[in-house]
Amino acid sequence: MVGIVIQARMGSHRLPGKILMDLEGKVLLNHILSRLGRISYPVKIVIATSNRKQDDKVELFCRKQNICCFRGDEQNVLKRYYDCAVKYRFDTIIRMTGDNPFPDIEELDRLIIYHLEEKLDFSENFSVLPIGVGMEIMSYSALKKSFGHASLPKHFEHPDEYILDHLMEFRHGTLSVASEKNRPDVRLTVDTVEDFEKACYILQHTHAAYVTTQRAIELSDIYERDRK
């Protein structure tokens, strides 16, 4: 089974509670879920949060949205992903984060097909798309190996750090994107107040239900230019 695991918690240091902040009439997590409603490939979506009291709000949100919620270790995100994959019996795990309101669903569909057809352990497009737009996919076996061999503190902070440190041990690939989307210099994530304000600007100046990556890049460039 292919699972999308969205890591999300209330305890952000730079922008606490951002995942449930109102972003132009809809909380940030709902923007992500709305966009995932366009995915073509059959997947199971799980929001993976921490077992801390403050993240009871995330579990309540999931119940209201009828979305699966998994709770695990706050600091050991690798373990949270591994335990989540075991519980739901995922053989393919798509990693997303709860602070990216503009994931490119067209590119996600392409990445899933690429990952499965090429029989990869790890694939990604986040290195060629704007920050916050791309994703990564790992096989259960790669995640299990990471969990069993991780040794450095950074390996436990994200589910992909061990893999990235030992890429040659895995079948891996990066899926290229169209040139107009190939803008890894553009920030379309929400990690700071400034990021949040930019996201609001993009949504305010878009007159379509779905903000394309090209349009988000265009508006980001305008926003950054006008700030100077």
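Described below are features of the structure shown in this document. (Residues numbered from 1 in each chain as written. Predicted model: local features only at pLDDT ≥ 70, side-chain atom pairs only at ≥ 80, totals over all residues. Heavy atoms only, no water.)

**A short note on the side chain of Asn100**
For step 1, the next point in the chain: Mapped onto the elements, Asn100 comes out in the loop between β4 (92-97) and α4 (105-117).
For step 2, the next point in the chain: Only 2.8 Å separates the side chain of Asn100 from the side chain of Thr97, close enough to count as a polar contact.
For step 3, the next point in the chain: Within the local environment of Asn100, its side chain forms a polar contact with the side chain of Thr189, the two groups lying 2.6 Å apart.
For step 4, the next point in the chain: Residue contacts for Asn100: discarding those within four places in its chain leaves Leu28, Ile32, Gly132 and Thr189. (Helix = DSSP H or I, 4+ residues; strand = E, 2+ residues; numbered from the N terminus. Polar contact = N/O pair within 3.5 Å; in protein donor to acceptor, adjacent residues only side chain to side chain. Contact = heavy atoms within 4.5 Å.)

**Observations regarding unusual backbone geometry**
Excluding glycine, a negative phi dihedral is what most residues carry, and trans is how most peptide bonds are arranged.
For step 1, the next point in the chain: A positive phi angle, close to 55 degrees, is found at Glu24, a residue other than glycine.
For step 2, the next point in the chain: Along the polypeptide, Glu24 turns up in the loop between β1 (2-7) and α1 (28-36).
For step 3, the next point in the chain: With a phi close to 55 degrees, Lys119 is a non-glycine residue in the positive phi region.
For step 4, the next point in the chain: Residue position: Lys119 is located in the loop between α4 and β5 (122-124).

**Topic: the sheet that holds strand β6 (residues 136-139)**
For step 1, the next point in the chain: The seven strands lie next to each other as β3-β2-β1-β4-β6-β5-β7, forming an open sheet whose pairing is mixed. A strand with exactly one partner marks an edge of an open sheet, and here the two such strands are β3 (68-72) and β7 (172-174). Strand-to-strand twist of the sheet, defined as the mean angle between neighbouring strand axes without regard to direction, takes the value 20 degrees.
For step 2, the next point in the chain: Sheet analysis places strand β2 (residues 44-50) next to β3, joined by five bridges and oriented parallel. Residue pairing for β3: Val46 is matched across the bridge by Cys68.
For step 3, the next point in the chain: Where α1 meets the sheet, it contacts β1, β2 and β4, and its direction lies at approximately 165 degrees from that of β1.
For step 4, the next point in the chain: Of the strands in this sheet, β1, β2, β3 and β4 touch helix α3 (residues 77-88), which is tilted by about 135 degrees from β3. (Pairing = 2+ DSSP bridges. Axes fitted to C-alpha atoms, helices over the stretch in contact; angles between N-to-C directions.)

**Comments concerning the nonpolar core**
For step 1, the next point in the chain: By size, the foremost hydrophobic cluster in this structure holds 49 residues, and its most contacted members are Ile4, Ile6, Leu36 and Ile94.
For step 2, the next point in the chain: Those elements that provide at least two residues to this core are β1, α1, β2, α2 (56-65), β4, α4, α7 (193-204) and α8 (213-227).
For step 3, the next point in the chain: For this core, the leading source of residues is α7, giving six residues.
For step 4, the next point in the chain: Excluding its chain neighbours within four sequence positions, the residues that come into contact with Ile6 are Leu29, Ile32, Leu33, Leu36, Ile45, Val46, Ile47, Ala48, Tyr81, Met96, Thr97 and Gly98. (Core = buried A, V, L, I, M, F, W, Y, C linked by side-chain atoms within 4.5 Å. Buried < 20%, exposed > 50% of the residue type's maximum accessible area, 1.4 Å probe, protein only.)

**Points about the pairing of β1**
For step 1, the next point in the chain: Counting buried positions along β1 gives six out of six residues, so the element sits mostly inside the fold.
For step 2, the next point in the chain: Along β1, one buried face is formed by Val2, Ile4 and Ile6 and the opposite face, lined by Gly3, Val5 and Gln7, is buried too.
For step 3, the next point in the chain: Examined bridge by bridge, β1 and β2 share five bridges and lie parallel to one another. Across the sheet, residue Ile4 finds its bridge partner in β2, namely Ile45.
For step 4, the next point in the chain: Assessed by its sense of winding, the connection that carries the chain from β1 through α1 to β2 is right-handed. (Right-handed = clockwise from strand over helix to strand, strands pointing away.)

**Structural notes on the pairing of β2**
The two faces of the sheet receive side chains in turn, since in a regular strand these alternate between them.
For step 1, the next point in the chain: Counting buried positions along β2 yields six of seven residues, so the element is predominantly enclosed.
For step 2, the next point in the chain: Chirality of the crossover, the property in question, places the unit of β2, α2 and β3 among those that are right-handed.

**Let's talk about the layout of surface pockets**
Empty space among the atoms can be located by rolling a probe the size of a water molecule over them.
For step 1, the next point in the chain: Taken as a whole, the largest pocket holds about 990 Å³ of empty space.
For step 2, the next point in the chain: Taken together, 32 residues form the lining of the largest pocket, with Gln7, Arg95, Thr97, Asp99 and His158 sitting closest to its centre.
For step 3, the next point in the chain: Among the secondary structure elements, those contributing two or more residues to the lining of the largest pocket are α3 and β4.
For step 4, the next point in the chain: Per element, the largest residue contribution to the lining of the largest pocket is three residues, and it comes from β4.
For step 5, the next point in the chain: Residue composition of the lining of the largest pocket, grouped by class: nine nonpolar, 11 polar and 12 charged.
For step 6, the next point in the chain: In this structure, the second largest pocket occupies an estimated 200 Å³ of space.
For step 7, the next point in the chain: When its residues are assigned to classes, the lining of the second largest pocket shows seven nonpolar, three polar and three charged. (1 Å grid on protein atoms, 1.4 Å probe; cavity = no way out; pocket = protein on both sides within 12 Å on 5 of 7 lines; lining within 4 Å. Points joined across faces, edges and corners; volume = space filled by probe spheres on them. Nonpolar A, V, L, I, M, F, W, Y, C, P; charged D, E, K, R; others polar.)

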